[in-house]
Structure formats: structure tokens, C-alpha cells
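Each chain, letter by letter, is given below.
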Amino acid sequence: MTASDLPAGGQHDVSTEGTEAPFDDVITLSTSTGEDGVVTVTVVGEVDTFTAPVLRSSLDTQLEQQPRELVIDLSGVQFLGSAGLAVLVETQKSAKSRDVELRLVATTRAVTRPLEVTGLIDLFTIVDSSAR
């Protein structure tokens, strides 16, 4: 055992195995494709540093298919952190470069407030629901 194996300050490591919530308990993603070819990714939960990579991977996969339109339904998101905002901005850039129209369903304060405060809301087409 080396000094680097010991917890900082010589304190006992009080973390216990299994206390970390699995990603699927924090964020749930589902994808559907309408008859008109519009792909909707529905996000439920918290989009933060830990879950943003899961969301990014899912959105990248959908953009690779080059749908005519991608809708990200954020109506079930309770928290949208800076990592989640970064994913949305990167997805917007990627969608634009692929000529894919991107829309966000942003109906809750948990989503609209971070977008407004950062000034990012103007980058996106915001809709009230994924129903067309």
C-alpha cells in the first residue's frame, strides 16, 4: 500500500459500495420516431456532470442517422446543469452542420431558467410539446 492509496488526511474512507445511484435511476432516455420521420428523444431526470455523457451519446447516435428533425423533450427534466447545457449547445451545432432541424420541448422552469440565465435560449427553437 502506498500513500496514494490512503484517503486524504489519513481519514478512513467512509464511502460504501453501492451508494452511487446507477445512471438509469438519475436519468431515463427514450427515443421514438414518428411517421413523419421526426425523432424524439425524451429525457426524464437530472442532466448533470454524471448523466450528460449518457445524453450526449444518445443524441449523437440519433444525429448520425440524419433525421429531418430531432426533438429533445426536456419536459421531464428536474435539473439542467452546465454539463447538460453544454450537451445541448454541442447538439445544436452538430444538428446545424448536418441540416437537421432541432427543437427543444422546454416547459418547466428547471429547464427554461438555466437557458435564460445563460442567454442560450435564443440558440434554440423552443416548443411547448412534442405533439405536432
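Please refer to the structure placed before this passage.
Computed from a prediction, not measured in an experiment: that's the story for all the values here.

1. Brief notes about the overall build of the protein chain
Scanning the protein chain from terminus to terminus reveals four helices and five strands. Walking the protein chain from its N terminus toward its C terminus, one meets helices and strands in the order α-β-β-α-β-α-β-α-β. Relative to its 132 residues, the protein chain shows a buried fraction of 37%. Looking at the protein chain alone, contacts between residues at least 24 apart form 66% of all its contacts between residues at least 6 apart. Accessible surface computed for the protein chain: about 8,100 Å², of which carbon and sulfur atoms make up 49%.

2. Side note on the pattern of salt bridges
One pass over the full model with this rule turns up five salt bridges. For Arg103, the salt bridge identified is with Glu69, shortest N-O distance 2.9 Å. Of this pair, Arg103 sits in strand β4 (residues 101–105) while Glu69 sits in strand β3 (residues 69–80), placing them 34 residues apart in sequence. Glu101 is the partner of Arg103 in a salt bridge, and the nearest nitrogen-oxygen pair spans 2.5 Å. A residue is classified by how much of its surface remains accessible, and Glu101, at 37% relative accessible area, is partly exposed.

3. Observations regarding the side chain of Thr51
With respect to the helices, strands and loops of the structure, Thr51 is situated in the loop between β2 (38–47) and α2 (52–64). At 2.7 Å, the side chain of Thr51 and the backbone oxygen of Glu46 are in polar contact.

4. A word on the pairing of β2
Among the 10 residues in β2, seven count as buried, and that is most of the element. When strand β1 (residues 27–33) meets β2, the two strands line up antiparallel, connected through seven bridges. In the strand pairing of β2, Thr31 is matched with Val41. Connecting the antiparallel pair β1 and β2 is a turn made up of four residues, with Gly37 showing a positive phi of about 85°. Pairing between β2 and β3: nine bridges, direction parallel.

What counts and how
- Residues numbered from 1 in each chain as written.
- Predicted model: local features only at pLDDT ≥ 70, side-chain atom pairs only at ≥ 80, totals over all residues.
- Heavy atoms only, no water.
- Helix = DSSP H or I, 4+ residues; strand = E, 2+ residues; numbered from the N terminus.
- Buried < 20%, exposed > 50% of the residue type's maximum accessible area, 1.4 Å probe, protein only.
- Contact = heavy atoms within 4.5 Å.
- Areas by Shrake-Rupley, 256 points an atom, 1.4 Å probe, with all protein chains shown as cover.
- Salt bridge = Lys/Arg side-chain N within 4 Å of Asp/Glu carboxyl O.
- Polar contact = N/O pair within 3.5 Å; in protein donor to acceptor, adjacent residues only side chain to side chain.
- Pairing = 2+ DSSP bridges.

Interpretation in functional terms is not warranted from these geometric data alone.
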